[in-house]
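The lines below spell out each chain.
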Amino acid sequence: MQQKNKPQLLRYGLLLICIFGSFLTYAQTSTITGKVVSTEGEELLGVSVSIKGTSTGTSTDFNGDYTITVPNAEAVLMFSSIGYTTLDVPVNGQTVINVTLQDDLALLDQVVVVGYGTRKKSDVTGAVSSVKSEELNAFPVLDAAQALQGRAAGVEVQTNNGGEPGAPINIRIRGNTSINASSSPLIVVDGFVGANFPQPADIASIEVLKDASATAIYGSRGSNGVVLVTTKRGKVGKISVEYNFNYSNQRTANELDLLNADQFTTYQQIINPAYVSNGSNTDWQDLIYQNGNIQQHQFSFSGGTEDINFYASANYFDQEGVVVNSDFERFTFLSNLDAQVNDKLKLGLNLFASRGTQNGVPTQSNGNLANGGGDDVVASSFRFAPDLGVFDTDGNFTVNSVGDDIDNPFAVATQSVNETKNDLYRANLSLNYEIIEGLTFRSSLGYESENETAGVFRPSSLTITAGGVGGVAAISSFKRSNLLSENFLTYKREIGKGDLTLLGGYSYQNLTNQNYAAGAQQFISDSFSYFNLGGGSVQLIPSSSRTVSEIQSQFGRVNYDYDDKYLITATIRRDGASNFAENEKHAVFPSGAIGWKISNEPFFANVNNISELKLRASYGATGNQGISAFQSLARFNSVYAVINGDAVNNVVPDQPANPNLKWETSYQTNVGLDVGLLNDRITLSADYYNIDTEDLIIADDSQAEYLGFLTTASLRNIGEVNNKGFEFNINSRNIVGENFTWSTDFNISTNRNEVSTLLNGEDIFLDASPGYFNIDETHVLREGESTGAFYGYEYRGVYQGGALPEGTAVFSGSVAGDPLYTDIPNEDGMIDGEITTADRKILGDPNPDFSFGFSNNFTYKNFDMNIFFQGAVGGDIMNLTALQLNSGDSNASTDILNAWTPSNTNTNIPSVALRTKRISSQFLEDGSYVRLKNISVGYTFPNTFVEKMGVSSLRLAISAQNLFTITNYSGLDPEASYFGAGSVSNRDSNTTRGFDFGNYPTLRSFNFSANIKF
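Residues numbered from 1 in each chain as written. Predicted model: local features only at pLDDT ≥ 70, side-chain atom pairs only at ≥ 80, totals over all residues. Heavy atoms only, no water.

Regarding the overall build of the protein
Here is step 1 of the chain: Check the secondary structure of the protein and you find twelve helices and 55 strands.
Here is step 2 of the chain: Expected size for 1014 residues packed as a compact globule is a radius of gyration near 31 Å; at 33 Å, the protein falls within 12% of this value.
Here is step 3 of the chain: With respect to the principal axes defined by its C-alpha atoms, the protein has extents near 105 × 85 × 65 Å.
Here is step 4 of the chain: Looking at the protein alone, contacts between residues at least 24 apart form 69% of all its contacts between residues at least 6 apart.
Here is step 5 of the chain: On the protein, the mean spot of the 65 positive side-chain charges and the mean spot of the 108 negative ones are 10 Å from each other. (Helix = DSSP H or I, 4+ residues; strand = E, 2+ residues; numbered from the N terminus. Rg over C-alpha atoms; globule rule 2.2 N^0.38 Å. Contact = heavy atoms within 4.5 Å. Lys, Arg positive; Asp, Glu negative; His and termini not counted. Charge placed at Lys NZ, Arg CZ, Asp CG, Glu CD.)

Here it is, written out as structure tokens:
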């Protein structure tokens, strides 16, 4: 027993010695005072003064003075402040220590990536926004594009289908600049033009180029902005190993409040007194929705020597969707290798590969398939009768009892097969050679291959969707290859007080697309899904296509910086593209920009609180290719005909040639101001831009049918679109202390979009409604209005019977309780007292007045916290879901319980009735919202703890995404994105905005993450 107590006595003895020693140390404490100034003698406020190796510290006051107590004469004081280099000063018995902090040139002259090179941030003349790596990894996302939302002014990010696993992402920079051509920005990854985003954890930085000065170097593909992605690379030093883990639990952020079975029966009996309840009470939303989850694992290692360095990573992403039977899985690999062969030659190799598998359920349907669009799981969940069960008395899946005959949503979700497999491979080899001092040659050769296979199967157990054809299966294949070769020279030289940089190069790109599709019906068995098309007795007509396009370009840029005050940038690019017409295959895209560093002028020397003041202005032209291969040529198309009872194929003229079809061109003016306050503790930038896009490529359908062309609309350069707006960014380091820091990032932007010119000034009417709505026109392109303005009847409330209020009318045959609309005067100022199609008008604008992002970052010792809000103000939403729920041919929301009756006339909801679906302002709502996009708390374990575990760093974090949304919108989500035809065509993406119907729901996530470095 005594021997066992000896270690305890030893520990107690050591404890007493430490306590006694601490008293001795305390007795040796002394107080240090002093002043901290800059190299210009300016007294610095808020400089952190701490005892190195401890948590003890203070900060300087308005006069730059500080006071701190040190434990002994051997202590070391550490002075740090943003914008200045950190300074360590040994006490050595001193009681007064005054210090001068040097400017941190590495921070003040932060390097940002621009097209075909880099620039010091302080020397950039264009509109460029940078997004940090830590912002991209604030919470788990499938695509780095999602992480851009709210992070950069003027950049709009939206998924094509809510929270659907694997859904593509839409990015818009400074609005839609086209109608039929793509408005998506050009993505450039490590110099490879037209690449796909890598995983966020592999990205070192993202730069968004917005004005013509920044994007004109990319010529015919720069009109929609350029996103430059730089992936991580190895550094000189020992091998670093890193593992990142994320797990998220997800659920729907919102659900519709629908009638239950009893309420539904009463509702339907008002419409049809003979209606009899089916006896069940089914919550179809509850059946199709589940708790989803995401798990993500990322492993990377990097390192290198002075001669060679490397970075490699592997990523696994797996998401189970909140709609049953939907999921997405992807494996991603990335590797960067850099070798310094000798003093002049450097080689680089970038490799990227991914394999993704998406299992989806039919959502955002166009409403044309089956009988009344019953192939849409989400839309069917609010259309389907709640008094029906999943199965009927015979054990078959139930079909709807009111309105259209459609399969029940649970059957469609669990029986349908929608599988897409995507393989992507990219390799890019680069060479940098210094010919002479200041003159460098860079050459790169890259190849990207993407293969996608999509299979669809609807079994015969889906009575309405596929029962009549004995099941239907289809398979399609898409292959895209992208070959890119780029070669350019860069020359840098000091000329007197100026720095000159010249760049000139040549680029060649070859793009090849191939498509194949086949299908069949009438299967004996459902066992083989879409893998046995030969098992179908009815073979559908197969299709295939192949297109090849080439782009050859020459480009150049001049940067001249004089006396670190005056900046000049001039850029030019000449593109030649095979897919354009014979007379217009080449185009030139120039731009110019100037910058003035006012803060570096002698007259500004005595302005102490403004550390940077720079004025920027630019003007230039950029292009949009707009069309695919062969669209400017005379084309033929194959058709089937019957001759003597036999089906034969035939060829007919499809469209005439247009030898003058050319690029869409955007002419952009940008004026910007960059300001740094309190030694760049607060930085802000403001930009105004104006973009005129001319020669829009639009189909002209004025061609006479008797000419015999299958396509009566031919492409021509007609029309103009204008976008203008303001962008404002502010970054503030509010508190910078040894133990506590607080920083704020805020951005806000506006964009006013307007159709300037159309062919002959005539309106172009478009339709975004589901096919079974039988509505032809939901929005319009009209000169002087925004792109995709909503078009319909102006709702004026409920008709109370008797005389009509002045300026209003109803449809013929209407009675009390029916909708009341504005009766619009004709050209002679007369009204006819009845609502017709002539009484439609522009109802609203889907584009927001402004959008913003607001992020706060806090650290306290080893804890960190991020709170990120994102939102938009203005922007109308056409709630097609509400239109469906008020039509009487499906279930309804509980709002219908307050419908007009003779005893309930004080309401804005028309009476219960079976009504024709019409676009009106009754279903137009304000889409403004503020969303808590992310809140996270993390803890980094101290080194003394992690060293015992054999790791160099360990951080754990919890976070929540989309925790709450403040909005007056009554639908599921104000970020609605229904494209009507269920497609993502260029025209739909540009013109169809703010419609809500059958979207995959937005998700609320709760996340746990871990980061371990070895």
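Having seen the structure, we can now continue with the description.
Let's talk about the sheet that holds strand β7 (residues 99-101)
Here is step 1 of the chain: If you walk across this open sheet you meet the three strands as β4-β1-β7, and the pairing is mixed. The sheet terminates laterally at β4 (65-70) and β7, the two strands that pair on one side only. Neighbour-to-neighbour, the strand axes of the sheet open up by a mean angle of 35°, direction not taken into account. (Pairing = 2+ DSSP bridges. Axes fitted to C-alpha atoms, helices over the stretch in contact; angles between N-to-C directions.)

A word on the packing of aromatic side chains
Here is step 1 of the chain: One pass over the full model with this rule turns up 36 aromatic pairs.
Here is step 2 of the chain: Their ring planes at 75° and their centres at 5.4 Å tell us that Tyr-116 and Phe-488 sit as a pair that is edge-to-face. On the criterion of sequence distance, the pair formed by Tyr-116 in the loop between β8 (111-114) and β9 (117-120) and Phe-488 in strand β24 (residues 472-495) is long-range, its members being 372 residues apart.
Here is step 3 of the chain: Residue classification places Phe-488 among the buried residues on the basis of a relative accessible area of 9%.
Here is step 4 of the chain: Note on Phe-382 and Phe-997: the rings are 5.7 Å apart at their centroids and 85° apart in plane angle, and the pair reads as edge-to-face. Highlighted residues: Phe-382 in helix α8 (residues 377-383) and Phe-997 in the loop between β54 (995-996) and β55 (1003-1013), separated in sequence by 615 residues. Across the pair, Phe-997 and Phe-382 agree in class, each one buried.
Here is step 5 of the chain: A cation sits over an aromatic face here: Arg-151 above Phe-868, 3.9 Å from the ring centre.
Here is step 6 of the chain: Seen from the ring of Phe-773, Lys-917 lies directly overhead, with NZ or CZ sitting 5.5 Å from the centre. (Phe/Tyr/Trp six-rings, centres within 6.5 Å; stacked < 30°, edge-to-face > 60°. Buried < 20%, exposed > 50% of the residue type's maximum accessible area, 1.4 Å probe, protein only. Lys NZ or Arg CZ within 6 Å of the ring centre and 35° of its normal.)

Here we look at the sheet that holds strand β44 (residues 808-809)
Here is step 1 of the chain: Read across the open sheet, the three strands follow the order β43-β45-β44; overall the sheet is antiparallel. Two strands in the sheet have a free side with no partner beyond their single neighbour: β43 (795-798) and β44.
Here is step 2 of the chain: Bridge analysis of β43 against strand β45 (residues 819-822) gives three bridges, and the strand direction is antiparallel. Its bridge partner being in β45, Gly-797 is matched across the sheet by Leu-820.

Topic: the nonpolar core
Here is step 1 of the chain: Counting residues in hydrophobic clusters, the biggest one holds 39 residues, and the most contacted among them are Leu-148, Ile-171, Phe-197, Ile-206 and Tyr-218.
Here is step 2 of the chain: At the level of secondary structure, the elements contributing two or more residues to this core comprise α4 (144-147), β11 (155-159), β12 (169-173), β13 (186-189), β14 (192-193), β15 (203-209), β16 (226-231) and β24.
Here is step 3 of the chain: If we ignore the near neighbours within four places in the chain, the residues touching Leu-148 are Val-131, Leu-136, Val-157, Ile-171, Phe-197 and Ile-206.
Here is step 4 of the chain: Formed by 31 residues, the second largest nonpolar core is a distinct cluster that contains Tyr-275, Ala-385, Leu-462 and Ala-899. (Core = buried A, V, L, I, M, F, W, Y, C linked by side-chain atoms within 4.5 Å.)

What about the side chain of Asp-423?
Here is step 1 of the chain: Relative to the elements of secondary structure, Asp-423 occurs in strand β22 (residues 417-436).
Here is step 2 of the chain: Within the structure, Asp-423 has its side chain in polar contact with the side chain of Arg-355 (distance 2.9 Å). (Polar contact = N/O pair within 3.5 Å; in protein donor to acceptor, adjacent residues only side chain to side chain.)

Digging into the confidence of the model for the protein
Here is step 1 of the chain: The predicted model of the protein has a mean per-residue pLDDT of 89, with 94% of residues at 70 or higher.
Here is step 2 of the chain: Confidence over residues 1-27 falls short of pLDDT 50; this stretch has two contacts with residues more than four positions distant or in other chains. (pLDDT = per-residue confidence, 0-100.)

Examining the environment of Ala-411
Here is step 1 of the chain: Along the polypeptide, Ala-411 turns up in helix α9 (residues 409-415).
Here is step 2 of the chain: Classification of Ala-411 by relative accessible area gives buried; the value is 0%.
Here is step 3 of the chain: Spatially, the C-alpha atom of Ala-411 lies 18 Å from that of Ser-890, the residues being 479 residues apart in sequence.
Here is step 4 of the chain: If we ignore the near neighbours within four places in the chain, the residues touching Ala-411 are Phe-397, Ser-416 and Leu-462.

Re the pattern of salt bridges
A side chain of one charge can pair with a side chain of the opposite charge when the charged atoms of the two come close.
Here is step 1 of the chain: What the rule picks out here adds up to 33 salt bridges.
Here is step 2 of the chain: Across the pair Asp-674 and Arg-616 runs a salt bridge whose closest N-O atoms are separated by 2.9 Å. Highlighted residues: Asp-674 in strand β33 (residues 664-677) and Arg-616 in strand β30 (residues 610-624), separated in sequence by 58 residues.
Here is step 3 of the chain: Overall, the relative accessible area of 13% leaves Asp-674 in the buried class.
Here is step 4 of the chain: Put simply, Asp-818 and Arg-915 hold a salt bridge, and the shortest N to O gap is 2.7 Å. Taken as a pair, Asp-818 in the loop between β44 and β45 and Arg-915 in the loop between α10 (880-885) and β50 (924-926) lie far apart in primary sequence, 97 residues in all.
Here is step 5 of the chain: The class of Asp-818 is buried, set by a relative accessible area of 13%.
Here is step 6 of the chain: Judged by relative accessible area, Arg-915 falls into the buried class, the value being 17%.
Here is step 7 of the chain: Among the charged side chains, a salt-bridge network with shared partners connects Lys-120, Asp-123, Asp-564 and Lys-597. (Salt bridge = Lys/Arg side-chain N within 4 Å of Asp/Glu carboxyl O.)

Focus: helix α6 (residues 261-271)
Note: α-helices contain 3.6 residues per turn, so residues at a spacing of three or four share the same orientation.
Here is step 1 of the chain: The complete set of buried residues in α6 reads Ala-261, Phe-264, Thr-265, Tyr-267 and Gln-268. An end-on view of α6 places all buried positions within 165° of arc, on one side of the element. Facing away from the buried surface of α6 by more than 90 degrees, the exposed residues are Asp-262 and Ile-270.
Here is step 2 of the chain: Of the surrounding elements, those touching the buried residues of α6 are α10.
Here is step 3 of the chain: Its side-chain oxygen 3.2 Å from the backbone nitrogen of Asp-262, Asn-260 forms the N-cap of α6. (Arc of directions from axis to C-beta.)

Structural notes on the side chain of Glu-664
Here is step 1 of the chain: One can find Glu-664 in strand β33.
Here is step 2 of the chain: Here Glu-664 sits buried without a salt bridge, and the closest side chain of opposite charge, Arg-172, lies 12 Å off (N-O distance).
Here is step 3 of the chain: Engagement of the side chain of Glu-664 in a polar contact is seen with the backbone nitrogen of Ile-697, the distance being 2.7 Å.
Here is step 4 of the chain: Excluding anything up to four places from it in sequence, Glu-664 contacts Thr-177, Ser-178, Ala-181, Thr-622, Gly-623, Asn-624, Thr-693, Glu-694, Asp-695, Leu-696 and Ile-697.

Digging into the pairing of β22
Here is step 1 of the chain: Examined bridge by bridge, strand β21 (residues 345-359) and β22 share 15 bridges and lie antiparallel to one another. Looking across to β22, one finds that Gly-356 is bridged to Asn-422.
Here is step 2 of the chain: Inspection of the sheet shows β22 paired to strand β23 (residues 439-458) by 19 bridges, in the antiparallel sense. Looking across to β23, one finds that Leu-429 is bridged to Leu-445.
Here is step 3 of the chain: What sits between the antiparallel neighbours β22 and β23 is a turn of two residues, in which Gly-438 has the positive phi angle 95°.

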